[in-house]
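Each chain, written out:
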Amino acid sequence: MDVVQIFQAFLGLGPTVILPVAVFLLGVAFGQPASKAFRSGLTIGVGFTGIFLVVDLLVSNLAPAAQGMVARFGVQLNIIDVGWPGAASIAWASPIAAFVLPLGLLVNVIMLVTKTTKTMDIDLWNYWHFTFMGAFVYSATGSLVQGLVAAVIFEIIVLKIADWTAPMLEKYFDLPGISVPTGSTVSYAIGIPLVKLVQKIPVIKDLHADPETIQKRFGVFGEPLFMGVFLGVVLGALAGYPAGQTIKVGIAMGGVMVLMPRMVKILMEGLIPLAESAREFLSKRFGDRDIYIGLDAAVAIGHPSVIATALILVPITILLAVVLPGNNVLPFGDLATIPFIVCFIVGAARGNIVHSVLVGAVVIGMSLYMATDVATFHTQMAIDAHFKMPAGATTISSIDQGGNVIHYVIYKIFTLFH
């Protein structure tokens, strides 16, 4: 088994295995007793297992409902959004993949030592975003060096934005010492200044709806549980489901609202000892400083405002795909990824669902145009990677990566003279 296969086999185990191993090794490296580091690793593994079970509950109900809407309203567009799983598969199939993980770790260590980042990115699974960036440029230019440089530039930007948004995660999402260096989520930090703009527009700035306000107005029926059920039922109805299946979607969305915050609490129980050890270790060697533990954006999507915003944006995204002139992308695989797209926007809007939906619609509209522009090349990459195309699809793209604004700009710069 060569190095590429070893890396792919390890990463194929997924974050629920990778993160406990990484946390245990880091805990020992930071001076924790092996037993304490082992317990922290297992607790984080259990927490992420719970989080991804809830994410699966969300996706397994939301994706079919969204696809039902597409079919029911007869949307016909010639570029299929294959979602982040398709993009990840293409990334790991690239020859550049084996180089990005060790290079990415080295870059993160150098930036920590030189104090150019506060984020210690232990979310190794999501290094696939850096890999996709490198693979995109490598395929376009034929240069391994340019591909690796592009991946490093993307990583540096992601880590800097993760640093910038970490205080918001602590203040609004109650995630102290955590940052989110997830490549797709970070890209939508472009929505943060748009939120500030919206909050200055007359009339619109006064429109306000967050879970606390809704609960005060509607009492028990304004609780996150009932909000999730209501929005789930609306999605089921829009998909044309029969009454029983519509109610089932509603109950599932209510379950997401209630269960996700509880899973995050379990995760934090395992993470806090590591964060404390990391700060103590690094402060002894590099002076007193804040260190953020970089984790998957899944830790932030359980907030009721994030789920509510995402559920409202699903039918809006389908509508945008139809009405935006020049868009040819049919939203499909990444409709269930919308909670990851909007969590920074929701945090910047302090949970105001109205402002979050408005800004979310703008950035998703931008993503549809970018995904349309790179679709031909995205498709060729998929063919080269022997990716199994969806039935009937001849051209593919993805909102997650094809529509990732940071990725798009870097790709355009590197291919300017090719």
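Our subject is the structure listed above.
These lines cover the structure that appears in this document, whether it is placed above or below. Quantities reported herein were computed from a predicted structural model and do not represent experimental measurements.

Looking at the nonpolar core
1) Next: Ile51, Leu175, Leu295, Val299 and Phe344 are the most contacted members of the largest nonpolar core, which has 136 residues in total.
2) Next: Examining the composition of this core, we find that 15 residues originate from one element, helix α12 (residues 243-286), more than from any other.

Regarding the sheet that holds strand β4 (residues 292-294)
1) Next: Here we have three strands laid out as an open sheet, ordered β2-β4-β3, and parallel in their pairing. Taken across any chain shown, the strands that pair with only one partner, and hence form the sheet edges, are β2 (119-121) and β3 (178-179).
2) Next: Summarising the sheet, β3 and β4 pair through two bridges and their orientation is parallel. Its bridge partner lying in β4, Ile178 is registered against Ile293.

With respect to the packing of helix α14 (residues 338-348) against helix α15 (residues 353-373)
1) Next: Running from N to C, α14 and α15 cross one another at 125°; their axes reach a closest spacing of 10 Å. In terms of orientation, α14 and α15 fall into the oblique class. The hand of the α14/α15 crossing is right-handed. Where α14 abuts α15, its residues Ile338, Ile341, Ile345 and Val346 lie against Ser356, Val359, Gly360, Val363 and Ile364.
2) Next: Of the residues that constitute the contact of α14 with α15, the class distribution is seven nonpolar, two polar and no charged.

Let's talk about the pattern of salt bridges
1) Next: As enumerated under the stated definition, the model contains two salt bridges in all.
2) Next: Arg39 is the partner of Glu269 in a salt bridge, and the nearest nitrogen-oxygen pair spans 3.6 Å. Of this pair, Glu269 sits in helix α12 while Arg39 is found in helix α3 (residues 34-72), placing the two residues 230 residues apart along the sequence.
3) Next: Judged by relative accessible area, Glu269 falls into the partly exposed class, the value being 44%.
4) Next: Across the pair Asp373 and Lys412 runs a salt bridge whose closest N-O atoms are separated by 2.9 Å. Of this pair, Asp373 sits in helix α15 while Lys412 sits in helix α17 (residues 405-414), placing them 39 residues apart in sequence.
5) Next: Look at Lys412 and you get partly exposed, because its relative accessible area is 35%.

Parameters at a glance
Residues numbered from 1 in each chain as written. Predicted model: local features only at pLDDT ≥ 70, side-chain atom pairs only at ≥ 80, totals over all residues. Heavy atoms only, no water. Core = buried A, V, L, I, M, F, W, Y, C linked by side-chain atoms within 4.5 Å. Buried < 20%, exposed > 50% of the residue type's maximum accessible area, 1.4 Å probe, protein only. Helix = DSSP H or I, 4+ residues; strand = E, 2+ residues; numbered from the N terminus. Pairing = 2+ DSSP bridges. Axes fitted to C-alpha atoms, helices over the stretch in contact; angles between N-to-C directions. Parallel < 35°, antiparallel > 145°, perpendicular 65-115°, else oblique. Left-handed = near helix turned anticlockwise from the far one by under 90°. Contact = heavy atoms within 4.5 Å. Nonpolar A, V, L, I, M, F, W, Y, C, P; charged D, E, K, R; others polar. Salt bridge = Lys/Arg side-chain N within 4 Å of Asp/Glu carboxyl O.

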